[in-house]
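Chain by chain, the residues run as shown.
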Amino acid sequence: MFNRLLIKVKFRYLIVISIIGLILNFHLIFLSIGIFCLKLFSKSKKIINLILFYIFFTFSIIDFLSPKIFNETSDYITISNIEYDINNYFGYHPKSNSEFIEKIYLNKNLIDKNKYSINEYGHRKTYNLNKKNKDCIVFYGGSIVFGQSLNDDETLPYLVSKKLNGMKSVYNYGFNGYGPHQFLAKLENKEINEIKHCKSLIAIYKFIPDHVGRTAGRRSYGEDSPRYILKKNTVVQRGFFSNYPYKIIMKIRKNIRNSKIISLLYDVSKVNGKDKKIFLKIMKKIEVETKKNFNNVSFINIIWYENLGVWKNSEKEYLKIYKYLKNKNHIVIDNLEINENIKRNNIPGDQHPTKKYNQILSHE
């Protein structure tokens, strides 16, 4: 009777330790379960408990050592002095009125050096001869729009602005890790001072399938991004993904990614039907909000199908999203037959587009 009571008390201990482990590290869960099984073995001498101890103890060791064992090193090293600020409405962005330098090394030799110039609105600078032109183009999306690993004069918005030569003002609302939800948050919260003078607006969105996961909060780098939820068949903003209590979910997801054992059982990055619906609702609400703020609005979607091959056959998985994107004026990148060596910069862990790629696309 006493032994059963002891086991019951220890089981409650186990639950508490497991909850802490869930928030901190999964190897703590495996370790605590292993110790519990060892305690059961010491009381009952049942061999199954000893086997379970070895199994969970092994899991604990694997999870504890996996960051060191599976930490892939690269001959490429990127060093950047970029700084961030947090806006109360749309989240993180590069620090305003700043210039940042990024250096890329291969085998300790400097192979590339890029400058990121950020204007007073927290956006990357473009080539605008007439900043008060009433006819405007705004690009939005992630790092491909922003121009990661490219100089200021090599980004797609800059090159389009230069080709137009003052006929339209062009703005770059993209940044690393962004999706369409940052742009929607800016529209809804009137954080559009840079383009509020515009009368006609062409909104150009560059889509990659990973944006669906970003709008759903399934990416660890998007904590300080606006979180949208479904309510009465539309989307409404509910703070950031880093706000409590949702921050706990983000923390648990991060720990699942870090656990080699749990990751084999559950892919936390995989999106579901609700995530896709939220993404689609965000895109549709962007249409509504832009039309509220500007007299004449049109849309162009640039679709990149198979970035790095990780989204192969993505059109089948995201059928409704692709159908929506193609209902607007759109450009399919893979249809342009751009050489892969031009399309991507071939820097391991980077693989963003090259200047030559943006030149071809800006012409298109």
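Just above, that's the structure.
I will try to describe carefully the structure that is included in this document. Note that the coordinates shown come from a computational prediction; the quantities given were computed from them, not determined experimentally.

1. Some details on the packing of aromatic side chains
Part 1 of the reasoning: Taken as a whole and judged by the stated rule, the model has 21 aromatic pairs.
Part 2 of the reasoning: In this structure an aromatic cluster arises from ring pairing among Tyr-140, Tyr-173, Phe-183, Tyr-205, Phe-207, Phe-279 and Tyr-322.
Part 3 of the reasoning: Lying across the ring of Phe-146, Arg-124 places its NZ or CZ 5.0 Å from the centre.
Part 4 of the reasoning: In this structure, Lys-186 packs its charged tip against the face of Phe-90, placed 4.6 Å from the ring centre.

2. Some thoughts on a nonpolar patch on the surface
Part 1 of the reasoning: A contiguous nonpolar patch, built from Ile-47, Ile-48, Ile-51 and Ile-55 and spanning about 350 Å² of accessible area, is present on the exposed surface.
Part 2 of the reasoning: Note that Ile-47 resides in helix H3 (residues 47-69).

3. Some remarks on the sheet that holds strand E5 (residues 109-118)
Part 1 of the reasoning: Pairing is antiparallel in the open sheet, where 3 strands are placed in the order E1-E4-E5. In this open sheet, the two strands that pair with only one neighbour each are strand E1 (76-80) and E5. Direction aside, the axes of adjacent strands within the sheet are offset by 15° on average.
Part 2 of the reasoning: With 9 bridges connecting them, strand E4 (residues 98-106) and E5 associate as antiparallel partners. Paired with Lys-103 across the two strands is Lys-113, which belongs to E5.

4. Overview of the sheet that holds strand E11 (residues 296-303)
Part 1 of the reasoning: Strand order across the open sheet formed by 5 strands is E7-E6-E8-E11-E12, with parallel pairing between neighbours. Single-partner strands in this sheet number two, and they are strand E7 (169-172) and strand E12 (329-332). Each strand of the sheet is rotated relative to its neighbour by a mean of 20°, with strand direction disregarded.

5. Points about the pairing of strand E10 (residues 234-240)
For a regular strand, side chains alternate in direction, first toward one face of the sheet and then toward the other.
Part 1 of the reasoning: Pairing of strand E9 (residues 226-231) with E10, which is carried by 5 bridges, proceeds in the antiparallel orientation. Bridging from a neighbouring strand, Tyr-228 pairs with Gln-237 of E10.
Part 2 of the reasoning: Counting the residues between successive antiparallel strands, the hairpin from E9 to E10 contains 2 residues, one of them, Lys-232, with a positive phi of roughly 50°.

6. Observations concerning the state of the cysteines
Part 1 of the reasoning: What the rule picks out here adds up to 1 disulfide.
Part 2 of the reasoning: Note that Cys-136 is cross-linked by a disulfide to Cys-198, the S-S spacing being 2.1 Å. For the disulfide bridge between Cys-136 and Cys-198, the dihedral angle about the S-S bond is near -90°, and by the sign convention the bridge is left-handed. One end of the pair, Cys-136, is in strand E6 (residues 135-140); the other, Cys-198, is in the loop between helix H6 (180-188) and strand E8 (200-207), and 62 residues separate them in sequence. Cys-198 shares its class with Cys-136; the two are buried.

7. What about a positive patch on the surface?
Part 1 of the reasoning: Taken together, the side chains of Lys-125, Lys-131, Lys-132, Lys-134, Lys-196 and Lys-199 present a region of like positive charge at the surface.
Part 2 of the reasoning: Tracing the backbone through its elements, the reader meets Lys-125 in the loop between E5 and E6.

8. Regarding the environment of Phe-90
Part 1 of the reasoning: Looking at the element boundaries, Phe-90 is found in the loop between strand E2 (84-87) and strand E3 (91-94).
Part 2 of the reasoning: Among the residues examined, Phe-90 registers a relative accessible area of 5% and is labelled buried.
Part 3 of the reasoning: Distance from Phe-90 to Gln-237, taken between C-alpha atoms, is 9.9 Å for residues 147 residues apart in sequence.
Part 4 of the reasoning: The residues contacting Phe-90, other than those within four sequence positions of it, are Tyr-178, Gln-182, Ala-185, Lys-186, Glu-191, Asp-224, Pro-226 and Phe-240.

9. Remarks on the packing of helix H5 (residues 156-164) against helix H14 (residues 355-363)
Part 1 of the reasoning: Interhelical geometry of H5 versus H14 gives an angle of 45° and a closest axis separation of 9 Å. Here H5 is positioned oblique relative to H14, judged by the angle of their axes. H5 and H14 meet at a crossing whose hand is right-handed. Contacts between H5 and H14 involve Leu-156, Leu-159, Val-160 and Lys-163 on the former and, on the latter, Lys-355, Asn-358, Gln-359, Leu-361, Ser-362 and His-363.
Part 2 of the reasoning: Here the contact of H5 with H14 is composed, by residue class, of 4 nonpolar, 4 polar and 2 charged.

Quick notes on the rules
- Residues numbered from 1 in each chain as written.
- Predicted model: local features only at pLDDT ≥ 70, side-chain atom pairs only at ≥ 80, totals over all residues.
- Heavy atoms only, no water.
- Phe/Tyr/Trp six-rings, centres within 6.5 Å; stacked < 30°, edge-to-face > 60°.
- Lys NZ or Arg CZ within 6 Å of the ring centre and 35° of its normal.
- Patch = residues over 30% accessible without salt bridge, like charges linked within 9 Å, V, L, I, M, F, W, Y side chains within 5 Å.
- Areas by Shrake-Rupley, 256 points an atom, 1.4 Å probe, with all protein chains shown as cover.
- Salt bridge = Lys/Arg side-chain N within 4 Å of Asp/Glu carboxyl O.
- Helix = DSSP H or I, 4+ residues; strand = E, 2+ residues; numbered from the N terminus.
- Pairing = 2+ DSSP bridges.
- Axes fitted to C-alpha atoms, helices over the stretch in contact; angles between N-to-C directions.
- Disulfide = S-S within 2.5 Å.
- Buried < 20%, exposed > 50% of the residue type's maximum accessible area, 1.4 Å probe, protein only.
- Lys, Arg positive; Asp, Glu negative; His and termini not counted.
- Charge placed at Lys NZ, Arg CZ, Asp CG, Glu CD.
- Contact = heavy atoms within 4.5 Å.
- Parallel < 35°, antiparallel > 145°, perpendicular 65-115°, else oblique.
- Left-handed = near helix turned anticlockwise from the far one by under 90°.
- Nonpolar A, V, L, I, M, F, W, Y, C, P; charged D, E, K, R; others polar.

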